[in-house]
Amino acid sequence: METFLAVQEPLAASGVAEYGWLLIALPLFGAAVLLLGGRRTNAWGHLLGCATVIAAFVYGLALFLSMTGMPADERVRELHLFDWIPVNALNVEFGLRIDPLSMVFVLLITGVGALIHIYSVGYMSHDQAGRTGADNTERRRFFAYLNLFVGAMLILVLGNSFVTLYLGWEGVGLASYLLIAFWQHRPAAATAAKKAFLMNRVGDVGLALAIFLMFAELGTTQYTEVFARAGEMPTGVLLAIALLLLLGACGKSGQFPLQAWLPDAMEGPTPVSALIHAATMVTAGVYLIARSNPIYNLTEDGRLVVTIIGALTLLIGAIIGCAYDDIKKVLAYSTVSQIGYMILAVGLGPAGYALGIFHLLTHGFFKAGLFLGAGSVMHGMNDEVNMRRFGGLAKHMPITFVTFGLGYLALIGFPFLSGYFSKDEIVAAAFAQEGWRGWVFGGAAALGAALTAFYMTRLMLMTFFGEKRWKGQKSADGREYHPHESPASMTVPMIVLAFGSVFGGVLLYSGDRLLGWLEPSLGAVAHAEGGALPHSVIPFLVVGLSAVGVLLAWLLVGRRPVPATAPAQVSFPVRAARADLYGNALNETLFARPGTWLTRALVYVDNRGVDGLVNGIAALLGGSSGRLRRAQTGFVRSYALSILGGAVLLTAALLMVRFT
Amino acid sequence: MFQATLGSQDVAQSAVNIPEIDWQAISPVVVVFVAACLSVLVEAFLPRERRWSVQVTLSLLTVVVAGLALGLYVNSDAVVGTGGITVAGQAVPLFSADYPALFLWGTLLALSFGALLLIADRSVDGGAFASPVPPAPGGDPVQYQAPGRQTEVFPLALFALGGMMVFLAANDLLTMFVALEVLSLPLYLMCGLARRRRLISQESAVKYFLLGAFSSAFFLYGLALLYGYAGSVRLVDIAAATAGTDRPETLLYAGFGLLVVGLLFKASIGPFHAWTPDVYQGAPTPVTAFMAACTKVAAFGAILRVLTLAFEASSWEWRGVLWAVAIVSMLIGAVLGLTQTDMKRMIAYSSIAHAGFLLVGAIAMTEDGLSGTMFYLLAYGFTTLAAFGIITLVRDGNGEATHLSQWAGLAKRSPLVAVTFAFLLLALAGIPMTSGFMGKLAVFSAAIADGMAPLVVVALLASAIAAFFYLRVIVLMYFSEPAQDGPTVSVPGAFTTAAITLGVVVTLLLGVLPAFALDWASVGGFVS
């Protein structure tokens, strides 16, 4: 397995690629205009926001098409823009790396981003208080942040050094923070934003330390040089870098043990959940590990840790997803779980990098579609998120139902929909590991598939089928529910994404289109033979397990009436799942409470010890000052005496020094 | 007729050793003295109503011309740094325009330009000076305001400036003593010229005069003892005498001690500082600015010259004593400043602490110590000048409002004045990006390089203590509620604005780009 993949030397960008900076500049320009232009841009700001992202997508598409015309070994290009940090030993150039991997992300980010921008035009037309078109300022702010996010995310994936990546990494963190707290007057949103920011900081520290280590060992942070010379680093350092990068990935991608912020982030507006917290930003961790593949190729231990984290997270996310009644939170935990699959895949090394990216793409389609569908449901239901108040919505929102349903089928891996191809491949690759690893990781991935089918079916049943539990009820703001289909600006993106959910997998998979395309960046996919289970069995196993999940869900949820309030008397596993498998409690006990104690102790020391010392000295000085002051009597005679005394002392001292 | 009395040319030549005078080198001093004399004539012969404008023009022009003369000389083709007034047959000039003297002359001229601007400003409340007319019988002597304006302050200031320039350039103790008196006597008078609060002003003048005369006596006594020791009052001769071993050293050290007391008094170094707060408080604020900025330069110029030229060889013996003096001065300034409630007194104590810091550099006895001390003088002079300029602006019905409590909440009413003053206080405290920091850095690093690390530690502690009272004023201005019927801030006249701007700009410039001034200060040392 330890075949070192040749790192392809990038060529200088030419042709269409020479204008690659446009990709970043366009959305950032939009953000700048909207943020600096103030109220004057209220009326047309959202249209500019959409236009810049659509333009970036069109350009990205042209760039992509120009690249498909090139031979595979010329597809890795670098575009030098300017010297960013030219300081003595550290020389960071700001440049773009335009290669198959970054192009995949560019298309995903601008494509899904453009759809979600369009969707937001409809979604933001009445804000969460139900005021129609009440607040154009809010809408402008929202689109400014969305543009900022797209720009930062493109810097992240297009940068040609780890420092540039870090810039984008922090940029998306900022955009995410701003957008989660978009309704900052709601305490829950403000808290969720803070939580996301802080937990991401933990991961960012890991990423920063990894970059420092690279610089300390190799004196550079450019991808080309780091990857070409990764082998020069001692094994220990290499492992440390791999683990620190993983820590960064865990923070951004909501992986164990930093997963707790992602579900809370659903406090943000739904398009944000779809764009940032499902389709794009949270997959940055997968990108980071896939991009750093030359480093991970060299450290098997590092990869093993990645796989363990992935497997653990995919189970945690799926289990918790089964217990929640909040539609967005279920989808959020589903995201955690699906990213767990991707991390698991990239942890498998050369066999899995491309598979991780494959699942990332298909997931981007169907999860964005699912979130937009959820948003559409909420839009028609007075922003209600509790599924126990839904039911029987299929008739009232037919388009939403169909598109959501297709996304659902894609997610649970219904044969020949997009999720089927990508997830099966990952499960197969996991089973193909040697020895115990095949069984453990393959088993986890397969079990995850069953759980996914269960919680998603439960969600479908509670939302679209069964009795209309919302009849006669009133929402929190005292209005009755009048479910209705959403406007075209919302349904069209959903339809587009539904197409992606259905056909994306087969399009990308057939003829190894995607895997072959990614080869210049990630190396050839090593199809491992042997392992725990033969490759041909996997599809049947996964589909079978999914069917079991669906059936269970139907037996437990579909056949019986759903209580309008969550039952309190439940078994331990449900209680544990409802409590996020005690993830928050764990954080609370392990970090928050000791942190509070430490702070209190330090405050005590500061108040009593440090302040006491300082105040004591101050009192001493002040007291002596007050006493000495009395010597300043104002009488010339005493001043003259003091001068005489000083002169006598001084002269006496001089003579003593000389004659003793 | 004069020659006839003496009998013949030959007699005159043998009796008077005509010194060789490098006129260009001493031209700045000549300009100042000639103008001072002119200024007296103006005072005597011009009608009262025209005097003010003529005096202002004359004195400012004098300083500018003297500065130009200095600049011309420094940039001329002549060999710079060795000129002056040299007695035939002696290697070292009697009165030396060497590099330190030139640098400090430039400093003095620039500072006195600023101080003269403050003195000349009449836009605020008619100016700070009154003609010395006694109060009418039965009036309130404390709040008495003298009528009319006076212009004697200008010739006095010019004479004082001339005396300072000679004082720091004299290589001979007698010349130095004469210069000391020339600079001191006008200052005593200037302190008593305040138009408001005349009693405290006159009290300060008398105090300053009595104590100044007292310390002059010390200086003179020390001079006499040193003459007894070395047989000469020339600094180089004293230095040569200390190299020998056959003389009574009691005379040397007693003489040194008494001489130094006279110098330390002028520089307001503790424990010879007692006059400083009273005089700084009582004198008209523009005069205080002049004293605080210029007198310090002159006194430290003389201290540096005397210590380096005459007593370097015996520095091992006296250094410990001056260490103690520096420590006492720094601690007195810093600690006593903590409990002051009057702005001018507070700055006075600050100046005592700064004098201690300066002494640290002066006793380093290295090239860096010399240049660092001179840089510090330049930096401190401009900062303190601008600070006093600001103090003239904050006023209430009884003139300047100098009580600290009256400054509470000033930032709310006059943000510009508050931010300027805050900046100057930070400079006095020695915060980076200000000249105060660079000055302390230069002086303290020179001291450490010369093995005086413990002294520097004490100096840093004193700086920390002193920072408290500077910052307290900033806190007061920014974070306190304004006092009821507090003082108003007058709109400064053009002169005061120019002086404050000059001080602030130099403070910032020396804090950000100190290299050029440090280069000037370190071109060369004393000629011996």
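Before any of the text, the structure's been laid out above.
Since we're looking at a predicted model, the values are computed, not measured. (Residues numbered from 1 in each chain as written. Chains lettered and ligands numbered in written order. Predicted model: local features only at pLDDT ≥ 70, side-chain atom pairs only at ≥ 80, totals over all residues. Heavy atoms only, no water.)

**Notes on the sheet that holds strand β2 (residues 84–86) of chain B**
Paired through their backbone hydrogen bonds, the strands of a sheet run either parallel or antiparallel. Residues and elements named next belong to chain B. Pairing is antiparallel in the open sheet, where three strands are placed in the order β1-β2-β3. Each end of this open sheet is capped by a strand with a single partner; those strands are β1 (20–21) and β3 (95–96). Inspection of the sheet shows β2 paired to β3 by two bridges, in the antiparallel sense. Its bridge partner lying in β3, Ile-85 is registered against Phe-95. (Pairing = 2+ DSSP bridges. Helix = DSSP H or I, 4+ residues; strand = E, 2+ residues; numbered from the N terminus.)

**Digging into the nonpolar core**
Here is a general trend for soluble globular proteins: nonpolar side chains tend to be buried in one another's company. Grouped together as the largest cluster of nonpolar side chains are 195 residues, with contacts concentrated most on Trp-105, Leu-173, Phe-300, Phe-311 and Phe-421 of chain B. Element by element, the count of residues in this core is highest for helix α12 (residues 285–311) of chain B, at 19 residues. Once residues lying within four places of it in the same chain are set aside, the contact partners of Phe-300 of chain B are Ala-267, Ile-269, Ala-355, Leu-358, Leu-359, Ala-362 and Leu-377 of chain B. The next biggest cluster of nonpolar side chains, apart from the first, holds 194 residues, and it includes Ala-13, Ala-260, Ala-430 and Phe-441 of chain A. (Core = buried A, V, L, I, M, F, W, Y, C linked by side-chain atoms within 4.5 Å. Buried < 20%, exposed > 50% of the residue type's maximum accessible area, 1.4 Å probe, protein only. Contact = heavy atoms within 4.5 Å.)

**Considering the packing of aromatic side chains**
Under the defined criterion, the tally for this structure stands at 42 aromatic pairs over all chains. Between Tyr-324 of chain A and Tyr-333 of chain A, the ring centres sit 5.7 Å apart and the planes meet at 20°, which makes this aromatic pair stacked. For the pair Tyr-324 of chain A and Tyr-333 of chain A, a shared accessibility class is recorded, and that class is buried. On the numbers, 5.2 Å between centres and 75° between planes, the contact of Tyr-420 of chain A with Phe-421 of chain A is edge-to-face. According to the relative accessible area criterion, Phe-421 of chain A is buried, its value standing at 10%. Every member of this aromatic cluster is reached through a ring pair, and the members are Tyr-188, Tyr-208, Phe-209, Phe-265, Trp-275, Tyr-280 and Phe-388 of chain B. Above the plane of the ring of Phe-635 of chain A lies Arg-637 of chain A, whose end atom (NZ or CZ) is 4.3 Å from the centre. (Phe/Tyr/Trp six-rings, centres within 6.5 Å; stacked < 30°, edge-to-face > 60°. Lys NZ or Arg CZ within 6 Å of the ring centre and 35° of its normal.)

**Looking at the interface of chain B and chain A**
Accessible area lost during the coming together of the parts is what is often quoted as the interface size. Each side of the interface is counted separately: chain B has 35 residues, and chain A has 25 residues. At the boundary of chain B with chain A, total buried surface from both sides reaches about 2,600 Å², with 77% on carbon and sulfur atoms. Our enumeration of links across chain B and chain A arrives at zero salt bridges. The tally of links between chain B and chain A comes to six residue pairs in polar contact (both at pLDDT 80 or more). Residue assignment for the side of chain B that touches chain A shows that the elements contributing at least two residues are α8 (198–230), α10 (249–266), α11 (275–282), α13 (315–337) and α14 (343–362) of chain B. The element contributing the most residues to the side of chain B that touches chain A is α10 of chain B, with ten residues. Among the residues making up the side of chain B that touches chain A, the classes are represented as 24 nonpolar, five polar and six charged. (Buried area = accessible area lost by both parts, 1.4 Å probe. Salt bridge = Lys/Arg side-chain N within 4 Å of Asp/Glu carboxyl O. Polar contact = N/O pair within 3.5 Å; in protein donor to acceptor, adjacent residues only side chain to side chain. Nonpolar A, V, L, I, M, F, W, Y, C, P; charged D, E, K, R; others polar.)

**Describing the pattern of salt bridges**
All names here are of chain A. Within the structure shown, the criterion is met by 19 salt bridges over all chains. Here Arg-186 makes a salt bridge to Glu-267, at a shortest N to O gap of 3.5 Å. With Arg-186 in the loop between α5 (162–180) and α6 (187–218) and Glu-267 in the loop between α9 (261–264) and α10 (270–279), the pair connects residues that are 81 residues apart, well separated along the chain. For Lys-329, the salt bridge identified is with Asp-264, shortest N-O distance 3.9 Å. Of this pair, Lys-329 sits in helix α14 (residues 327–347) while Asp-264 sits in helix α9, and the two are 65 residues apart along the sequence. Like Asp-264, Lys-329 is buried. Overlapping salt bridges bring together Glu-78, Arg-97, Asp-99 and Arg-291 as one network.

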